[in-house]
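The lines below spell out each chain.
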Amino acid sequence: MSAWTQIGTATTSNGDVLILREQCGAFELRMNGHELMATRAHGSEEAMARLACRRLHHRVDARVLIGGLGMGYTLRAALDVLPISAEVLVVELVPEVVAWNRASLGAAAGFPLLDERVDVRVGDVNDVLLETRVRFDAILLDIDNGPQAPVRLGNGAVFAPAGLRSIRGALRPGGMLAVWSADPCPAFAQSLREAGFRARSVQVPARRSSDPMHTIFVAVMRPALTRRASHADLSRERER
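A brief report on the enclosed structure follows. Along each chain, residues carry numbers from 1 onward, in the same order as the chain's sequence is written. Two thresholds apply to this predicted model, a pLDDT of at least 70 for residue-level local features and 80 or more for giving and counting side-chain atom pairs, whereas whole-chain, interface and lining totals are computed over all residues. No hydrogens and no water enter the side-chain calculation; it runs on all heavy atoms of the structure.

## Things to note about the overall build of the protein chain
Then comes step 1: Counting from the N terminus, the helices are the DSSP runs of H or I reaching at least four residues and the strands are the DSSP runs of E reaching at least two. When its secondary structure is counted, the protein chain shows seven helices and eleven strands.
Then comes step 2: Whether two residues are in contact is decided by their heavy atoms, any of which lying within 4.5 Å being enough. Within the protein chain, residue pairs in contact and separated by at least 24 positions form 66% of the contacts whose partners lie at least 6 positions apart.
Then comes step 3: Computed by Shrake-Rupley with a 1.4 Å probe, the accessible areas treat only the displayed protein chains as cover when residues are assessed. Only carbon and sulfur atoms are counted for the fraction: they give 52% of the accessible area of the protein chain, which is about 11,800 Å².

Structural data, given as C-alpha cells:
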C-alpha cells in the first residue's frame, strides 16, 4: 500500500494543527495528531442530515444552519433531501477546510459547495448563533468529537447551557437541533431537556452495521408553557 501524502495543513487561532492527507484516493483529516474524520467512514454524518432535514422536503422557505463543513458529507446529504428553494448556511472555523473542499477534497462528496443554495461563512458557529437574526428550521452541529470530549476546547461553549440557549433563540418554533457525537453522553441529553428541548439519541454505524456506533442527538423545541399551566403539566414536561 502506498504511503500517505500530505495535502495541506492549517493552524487554528487556538494553536490546534489540522492536517489533510491522501492515500489511494482516500482522504483523512487529523487534528493534533488524532484522526478527526475520513472519507472511508461517513455514514453517521449523512444519517444526521437526513434525520434533521427530511421533514423539510416540502417546505419552500426552509432554512438550515450546518456548523462544521468537514469533508462535506453532512452538507451533501442535507442538500439531497432539501427543496430547491432552501437556504443552507455552513459555518466553518478553519478557512483552509473551505479551500480544501473547493479543491481536490470536494470530489468526495460531489462538490456540495457549488450548490446555489449554499452560503459559507468562516467563523465560530457559537458567535454566529449569538449574532444571527435569521431563524432556522434545523441546526446541525458536527464541529468536533461531540459534547463529551471535544478535541478543540473552544467547541465546548456551544454545548454548554448558554450555547444551547443561543441555539433555541436561532430556531423557528418547532425547529430541530441535531448533534453528532462519537459517544452516547447521557449527560448531554439531560442538558438538552433542561434547555427546553424534547431530546432523544439515535445510534448509527460509521459506515456498515459492523462498524463502531456513533450517536446522533435529535432535539425539538418544546412549546413555551403558559402561566396558567398546572403543576401536573409542569411535571409532565420535566419527564419528557
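## Examining helix H2 (residues 73-81)
Then comes step 1: Throughout this description, buried means an accessible area under 20% of the type-specific maximum (1.4 Å probe, protein chains only), exposed means over 50%, and partly exposed covers the range between. The buried fraction of H2 amounts to seven of the nine residues, a majority that puts the element mostly inside the structure.
Then comes step 2: Where H2 is buried, its residues meet helix H1 (43-53), strand S5 (63-67), strand S6 (87-92), strand S7 (118-122) and strand S8 (136-141).

## Re the environment of phenylalanine 188
Then comes step 1: Tracing the chain through its elements places phenylalanine 188 in helix H6 (residues 186-194).
Then comes step 2: Judged by its relative accessible area of 3%, phenylalanine 188 falls in the buried class.
Then comes step 3: Through-space distance from the C-alpha of phenylalanine 188 to that of proline 147 is 6.8 Å; in sequence the pair is 41 residues apart.
Then comes step 4: In this structure phenylalanine 188 touches Pro147, Phe159, Leu164, Val179 and Phe217, once residues within four positions along its chain are discounted.

## Looking at the pattern of salt bridges
A side chain with one charge can pair with a side chain of the opposite charge if their charged atoms come near.
Then comes step 1: Salt-bridge detection follows one rule: a side-chain nitrogen of Lys or Arg within 4 Å of a carboxyl oxygen of Asp or Glu. For the structure shown, the criterion picks out eleven salt bridges.
Then comes step 2: Glutamate 28 is the partner of arginine 21 in a salt bridge, and the nearest nitrogen-oxygen pair spans 2.7 Å.
Then comes step 3: Glutamate 87 is the partner of arginine 63 in a salt bridge, and the nearest nitrogen-oxygen pair spans 3.7 Å. Here the residue arginine 63 occupies a position in strand S5, and glutamate 87 occupies one in strand S6, the gap between them amounting to 24 residues.
Then comes step 4: On the accessibility criterion, arginine 63 (26% relative accessible area) is partly exposed.
Then comes step 5: The partly exposed category is assigned to glutamate 87, whose relative accessible area is 48%.

## Section: the sheet that holds S6
Then comes step 1: Criterion used throughout: strands pair if DSSP finds at least two bridges between them. Spatially, seven strands are ordered S7-S6-S5-S8-S9-S11-S10 in an open sheet, and the strand pairing comes out mixed. Looking at strand neighbours, the two that pair on one side only are S7 and strand S10 (197-205), the edges of this open sheet. Averaged over all neighbouring strand pairs, the angle between strand axes comes to 15°, with direction disregarded.
Then comes step 2: Where S5 and S6 come together, five bridges link them in parallel fashion. Residue pairing across strands places glycine 67 opposite valine 91, the latter belonging to S6.
Then comes step 3: In the packing of H1 onto the sheet, contacts are made with S5, S8, strand S9 (171-181), S10 and strand S11 (213-221), and the angle to S9 comes to roughly 170°. Orientation is described by axes fitted as lines to C-alpha atoms, over the contacting stretch for helices, and by angles from 0 to 180 degrees between their N-to-C directions.

## Quick word on the nonpolar core
Then comes step 1: Side-chain atoms within 4.5 Å are what join buried Ala, Val, Leu, Ile, Met, Phe, Trp, Tyr and Cys residues into a set we call a nonpolar core. In this structure, Val64, Leu75, Leu82 and Leu140 are the most contacted members of the largest nonpolar core, which totals 47 residues.
Then comes step 2: Look past the residues within four positions of leucine 75 in its chain and what remains in contact with it is Ile66, Leu69, Val88, Val90, Pro112, Leu113 and Val118.
Then comes step 3: Ranked by size, the runner-up nonpolar core spans 28 residues in total, among them Leu65, Leu89, Cys185 and Ala195.

## Things to note about the side chain of glutamate 22
Then comes step 1: Turning to its location among the elements, glutamate 22 is positioned in strand S2 (residues 17-23).
Then comes step 2: Arginine 21 provides the closest opposite charge to the buried, salt-bridge-free glutamate 22, at an N-O distance of 9.9 Å.
Then comes step 3: Side-chain atoms alone can form a polar contact between residues adjacent in sequence; in general such a contact is a pair of N or O atoms within 3.5 Å, and within protein one must be able to donate a hydrogen while the other accepts it. From its side chain, glutamate 22 meets the backbone nitrogen of cysteine 24 in a polar contact 3.2 Å long. Residues scored as positive are Lys and Arg, those scored as negative are Asp and Glu, and His as well as the terminal groups of each chain are ignored.

## Things to note about the sheet that holds S2
Then comes step 1: The antiparallel open sheet is built from four strands, whose spatial order is S1-S2-S3-S4. The strands lining the two open edges of the sheet, one partner per strand, are strand S1 (5-11) and strand S4 (34-38). Between one strand and the next, the sheet's axes are offset by a mean angle of 25°, whatever the strand orientation.
Then comes step 2: Summarising the sheet, S2 and strand S3 (residues 26-31) pair through six bridges and their orientation is antiparallel. Residue pairing across strands places leucine 18 opposite methionine 31, the latter belonging to S3.
Then comes step 3: Strand contacts of helix H3 (residues 95-102): S1, S2 and S3, with the helix running at about 145° to S1, the strand carrying the most contacts.

Purely geometric numbers; function is a separate question.
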